[in-house]
Amino acid sequence: MTRPALATYARIAASSARQSIAQRTTLVGRCALYVLILVVFSRIWQTVGGDAAAGGPGAKEMLWYLAVTEWIVIALPLTHLAIEADVRSGDIAYHLARPVPYVGVRLAEAAGDLSVRLVSLGVTGVVAAWFLAGGLPDDPRGLVLALPLGVLAGAVGVLFHAAIGLSSFWLQDAGSVYFVWQKLMFVLGGMILPLAVYPAWLRAAAEWTPFAAMLSGPGRLAFAPDVGVAATSAALLVLWLAVAAAIVVFFNRRGARVLDVNGG
Amino acid sequence: MGPAVRVAGLRKSFRVRERAPGLLGAFRSLLSATTREVVAVDALSFQIAAGERVAFIGPNGAGKSTTLKVLSGILHPTAGDVEVLGLVPWRDRREVALRIGTVFGQRSQLWSHLPAGDTFDLLAYVYDQDPATHRRRRAELADVFGIGPLLTKPVRQLSLGERMRCELVASLLHAPRVLFLDEPTIGLDVSAKAAIRDLVRRRADEDGCAVILTSHDTGDMERVCDRAIVIHRGRLLLDEPVHSLRRFIRRKVVTLATAEPDVVLDLPGLTIVERAPHRTVIEVDVTVTPVEAVVHAALAVTRLNDLSVEDPPMEEIVAAIYASADAGGAAVKP
Amino acid sequence: MSARTTVRFAIALLGTNLRATFALRGAFWLQAGFMFVNDVIFFTTWWIFFRRWDEIGGWRLQEMTILYGVVAGAYGTANVLWGGVRDLSRVIADGGLDTFLTQPKDPLLHVMGSKSIASGWGDVVAAAFLLGVAGCLAPSMLPLTIFVVACSAIVIAATGVLIHSSAFWADDLDTLPRQVSEFVLIFSSYPQTVYGPWLRLVLFTVIPAGFIGYLPVEVLRAFSWRDAAFLGGGAALYATAAVVVFRAGMRRYASGNRTGLMA
């Protein structure tokens, strides 16, 4: 990438971030949703006492785990919606003709939006979880390690969302694909329950998916602040980042060919 | 039979909230709202007889839509009396709704993914029509409006003109006594406009149904209506037969597509708007030179490939009426 | 307006609505099918949960299955029958009620029934699956199951109308009504046995999650006339409140003093 192009993307990301801040109702609503989920689960975990009975983390750590996974899930911008709309309306043909690559523009916008979401939700999450769990995790250093992993996980998520958006070149309704993708992320990523409590076979299967790397990877640092674990998770995320980027590039090329055939 | 519509001293004002910008401003305005009154319609009085066709004209924001909304029971007036078929629209909304038909050019009442016939079926239940009457009326209207072959096609696949014909049938199925048409020809091409105008006029004649039409297009008012009510800034400016409004149309725009590359016409009252090879656009002051004379003069020097004569926009006509009102013109009532 | 013509109109409206949904066959199957898969996948979280933990405040996997079935069934039913609620605030803000007001049928009924959401069918099928597994579709249970799902669906729709009616009084609401509706649903679909008395009170008043999720499950797992009457009464109360508030909003709409209505 040349320097001027990088500057262009940075500008796009910055203006997208400003827009994200300007949509205050949505911003506040998103944070409220996050707090709401933490409230529900703080009650559930306190009622069952976390996983302490089985020698696992207690109610407090369980809530911090959820605070990390939900932070990532809710922060992911819905990039697929914009791409799907452009593919459906055929506007993408015009965008593709522009000097700045279309997908690059959408990804830069997503990056801007993602950063606003990560910061606003991050602050909200720390305050809410602190209050609801009755304190920080016993070893709060894990949360610090989770921060860069969360950003990396956000990047992976955005790339996959872009791929889902591009899939609308072939599928009628990428929105439905997204919903199922999201639920797979919830379950296989261990959004609510740490993978440690999953049946062995399901856990083994989940570990092979990007979801576990995105959610469980950063999340488990809340109760196991281990630099080695963090490094492994980071390596996995980088691997998935490459895979997701490859898929986006592939879909983008193929999609452009669909346009050539159909005449846009 | 009483009048179809009676409006006496209608006034409709809106309170517009003025608030400081931002979230704090929004909260403050919840506690103590500072409002400003905006008068949309004021001291408006007129009557429309059964079966009469009236154009309701005026520039944007004159109060046309507001009046139409009061007449069709959507809005309450601030003051004044309004009766539609002897009923008060906002009090007897349901009774009035059963007797009026509406077409809002910008809003469709047809289900876009379904054939228009499906909407018609549903409307029989909306208006509690008995099946036999509904079938008869529907067959008759489908025939008159030439939509028979369109009845099985999803509405979204219809052209705008075809869709508008279906909209009109939908609003006429229950044999309304008054038909409200808001910009019924907006976006249509010339031939579709002509077809819609003829159909509305003929059908209203046969049903004895009063028509109240708002439009930006002087053609709508001339082809469909007999009488024009001009309102400006919420007040009645003029109420007289459509043909007498002609006197306010002082100029026409004539576009000539000529065989000769360059045409020069030496007549008084002409202003050249645009001159390109084989194309000349002229503004004609019809008080000085009639359009026919311009065409004659043109034919004397060249063959014509195409010719169009356009009215000036409605805003300009209203401005002319307004100017004559300011000058104390006799045509304008207080 | 006689009750008979209103019912006939409501049935005709539903018929037209369903035909419009089925007209887009490809999208219908995709949306309904994926919603079913979506519901079932998400439910596995609870299956995993109850392998590790026995109960949450007295609720086991059985109760959670019923809860999920009831909420999915009610939400799906509301979306199929009264899909217009989901866009109500936008319709109000855009002046879209005008069309309904110039027609003689009740505007609220008309606007609610003017849309049907295909994915609702996926929810209904998922609900049938979950409730079937939980044994709630056995002939002896079926009438009661239908009753509680119907009550829950009415409370969901009524809450939606109440939330979206805020557009009569406030402008620039954007997606807020939809988000708030989602919150209510989230509260409804998690076990409510974990809250203290005050939060419980909230869940039977401001956020009617108690009527949407908790009470239907209680009626199905341990039937009592008292709970059933409470549920039915709650549904009737919320429905009445929705009609009253919507009518008040309509009066404001007719005054034209909502900002942005000036024309």
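Residues numbered from 1 in each chain as written. Chains lettered and ligands numbered in written order. Predicted model: local features only at pLDDT ≥ 70, side-chain atom pairs only at ≥ 80, totals over all residues. Heavy atoms only, no water.

Quick look at the overall build of chain B
Secondary structure assignment for chain B yields ten helices and 13 strands. Summarising its shape, the C-alpha atoms of chain B cover approximately 65 × 55 × 50 Å along the three principal directions. Counting all 334 residues of chain B, 51% fall into the buried class. Residue pairs at least 24 apart in sequence account for 71% of intrachain contacts in chain B once pairs closer than 6 positions are excluded. Per element, the accessible surface of chain B, about 15200 Å² overall, is 52% carbon and sulfur. When the 43 basic and 42 acidic side-chain charges of chain B are each reduced to a single mean position, those positions are 6 Å apart. (Helix = DSSP H or I, 4+ residues; strand = E, 2+ residues; numbered from the N terminus. Buried < 20%, exposed > 50% of the residue type's maximum accessible area, 1.4 Å probe, protein only. Contact = heavy atoms within 4.5 Å. Areas by Shrake-Rupley, 256 points an atom, 1.4 Å probe, with all protein chains shown as cover. Lys, Arg positive; Asp, Glu negative; His and termini not counted. Charge placed at Lys NZ, Arg CZ, Asp CG, Glu CD.)

Looking at helix α3 (residues 61-81) of chain C
In this model, α3(C) (21 residues) spans 30 Å end to end at C-alpha, consistent with the 30 Å of a helix rising 1.5 Å per residue. Within α3(C), 16 of the 21 residues are buried, which leaves it mostly tucked inside the rest of the structure. (Expected span 1.5 Å × (residues − 1).)

A closer look at the sheet that holds strand β13 (residues 304-310) of chain B
Residue and element names in this part refer to chain B. Sheet architecture is open: four strands sit in the order β11-β12-β10-β13, paired in antiparallel fashion. Lying at the two open borders of the sheet, with one neighbouring strand each, are β11 (270-276) and β13. Within the sheet, the average angular offset between the axes of one strand and its neighbour, ignoring direction, is 15 degrees. Alignment of strand β10 (residues 251-258) against β13, held across six bridges, turns out to be antiparallel. Across the sheet, residue T255 finds its bridge partner in β13, namely S308. On top of the sheet, helix α9 (residues 291-301) reaches β10, β11, β12 (279-285) and β13; it is set at about 165 degrees to β13, its chief contact. (Pairing = 2+ DSSP bridges. Axes fitted to C-alpha atoms, helices over the stretch in contact; angles between N-to-C directions.)

Regarding the confidence of the model for chain C
Caution applies to low-pLDDT parts of the model: their predicted coordinates are not meant to be read in detail. All names here are of chain C. Residues with a pLDDT of 70 or more make up 97% of chain C, whose mean pLDDT is 90. When the criterion is pLDDT under 50, residues 259-263 qualifies, and its contacts beyond four places in sequence or with other chains add up to eleven contacts. Scoring of the predicted complex yields 0.86 for pTM and 0.86 for ipTM. (pLDDT = per-residue confidence, 0-100.)

Comments concerning the pairing of strand β5 (residues 100-104) of chain B
Looking down a regular strand, the side chains alternate between one sheet face and the other. Residue and element names in this part refer to chain B. The element β5 is largely enclosed, with a buried count of five among its five residues. Both faces of β5 are covered, namely the face carrying I100, T102 and F104 and the face carrying G101 and V103. Looking at chain direction, β5 and strand β6 (residues 178-182) are connected through five bridges and run parallel. Bridge pairing links V103 to L181 in β6.

Some words on the nonpolar core
One recurring pattern in soluble globular proteins is that nonpolar side chains are buried together. Among the nonpolar cores identified, the biggest contains 181 residues, and F41(A), F49(C) and L97(C) are the most heavily contacted of them. Of all the elements, helix α7 (residues 141-166) of chain A adds the most residues to this core, at twelve residues. The contact partners of F49(C), leaving out residues within four places of it in the chain, are I44(A), W45(A), V48(A), L193(A) and I56(C). Among the nonpolar cores identified, the runner-up in size contains 57 residues, and M164(B), I196(B), V242(B) and F248(B) belong to it. (Core = buried A, V, L, I, M, F, W, Y, C linked by side-chain atoms within 4.5 Å.)

Some thoughts on the packing of aromatic side chains
Taken as a whole, this structure holds 34 aromatic pairs over all chains when the rule is applied. Between F43(C) and Y68(C), the aromatic rings sit 5.5 Å apart at their centres with planes inclined by 45 degrees, giving tilted as the arrangement. Of this pair, F43(C) sits in helix α2 (residues 25-52) while Y68(C) sits in helix α3, and the two are 25 residues apart along the sequence. A connected cluster of aromatic rings, assembled from ring pairs, spans F41(A), W45(A), W46(C), F49(C), F50(C), W53(C) and Y190(C). Here the basic side chain of R51(C) rests over the ring of W47(C), its NZ or CZ set 5.4 Å away from the ring centre. Between the NZ or CZ atom of R200(C) and the centre of the ring of Y214(C), over which it lies, the distance is 5.0 Å. (Phe/Tyr/Trp six-rings, centres within 6.5 Å; stacked < 30°, edge-to-face > 60°. Lys NZ or Arg CZ within 6 Å of the ring centre and 35° of its normal.)

Details of the arrangement of the chains
Contacts between protein chains span two pairs of chains, and they are most numerous for chains B and C. With respect to C-alpha atoms, chain A approaches chain B no nearer than 9 Å, and the pair has no contact.

Here we look at the interface of chain A and chain C
The extent of an interface is frequently quoted as the accessible surface area lost upon association of the parts. Opposite the 36 residues of chain A that make contact, chain C presents 33 residues. For the pair chain A and chain C, the summed buried surface comes to about 3100 Å²; carbon and sulfur atoms form 76% of the total. At the junction of chain A with chain C, the criterion picks out one salt bridge. Counting across the interface, chain A meets chain C through four residue pairs in polar contact (both at pLDDT 80 or more). (Buried area = accessible area lost by both parts, 1.4 Å probe. Salt bridge = Lys/Arg side-chain N within 4 Å of Asp/Glu carboxyl O. Polar contact = N/O pair within 3.5 Å; in protein donor to acceptor, adjacent residues only side chain to side chain.)

Observations regarding unusual backbone geometry
With phi around 50 degrees, E183(B) is a residue other than glycine that occupies positive phi space. Along the polypeptide, E183(B) turns up in the loop between β6 and α7 (190-207).

A word on the side chain of N79(C)
Tracing the backbone through its elements, the reader meets N79(C) in helix α3. The exposure class of N79(C) is buried, given its relative accessible area of 8%.

Some thoughts on the interface of chain C and chain B
Across the contact, 40 residues belong to chain C and 33 residues belong to chain B. Buried area between chain C and chain B, summed over both chains or domains, comes out near 3300 Å², and the portion from carbon and sulfur atoms is 58%. Across the pair K105(C) and D128(B) runs a salt bridge whose closest N-O atoms are separated by 2.9 Å. One can count eleven residue pairs in polar contact (both at pLDDT 80 or more) joining chain C with chain B. Of all elements in the fold, only α1 (3-23), α5 (97-101), α6 (107-112) and α12 (225-255) of chain C reach the threshold of two or more residues within the side of chain C that touches chain B. Among the residues forming the side of chain C that touches chain B, the class breakdown is 17 nonpolar, 15 polar and eight charged. (Nonpolar A, V, L, I, M, F, W, Y, C, P; charged D, E, K, R; others polar.)

Concerning the pattern of salt bridges
All names here are of chain B. Considering all chains together, one arrives at 39 salt bridges over all chains under this definition. With its nearest N and O atoms 3.5 Å apart, the salt bridge here joins R6 to E83. Taken together, the residues R6 in strand β1 (residues 5-18) and E83 in strand β4 (residues 79-84) connect sequence positions 77 residues apart. D220 is the partner of R197 in a salt bridge, and the nearest nitrogen-oxygen pair spans 2.7 Å. Within this pair, whereas R197 is found in helix α7, its partner D220 is found in helix α8 (residues 218-224), the two being separated by 23 residues in sequence. Classification of R197 as buried rests on a relative accessible area of 10%. A cluster of three or more residues bridged by salt bridges with shared partners is formed by R137, E140, R203, E206 and D207.

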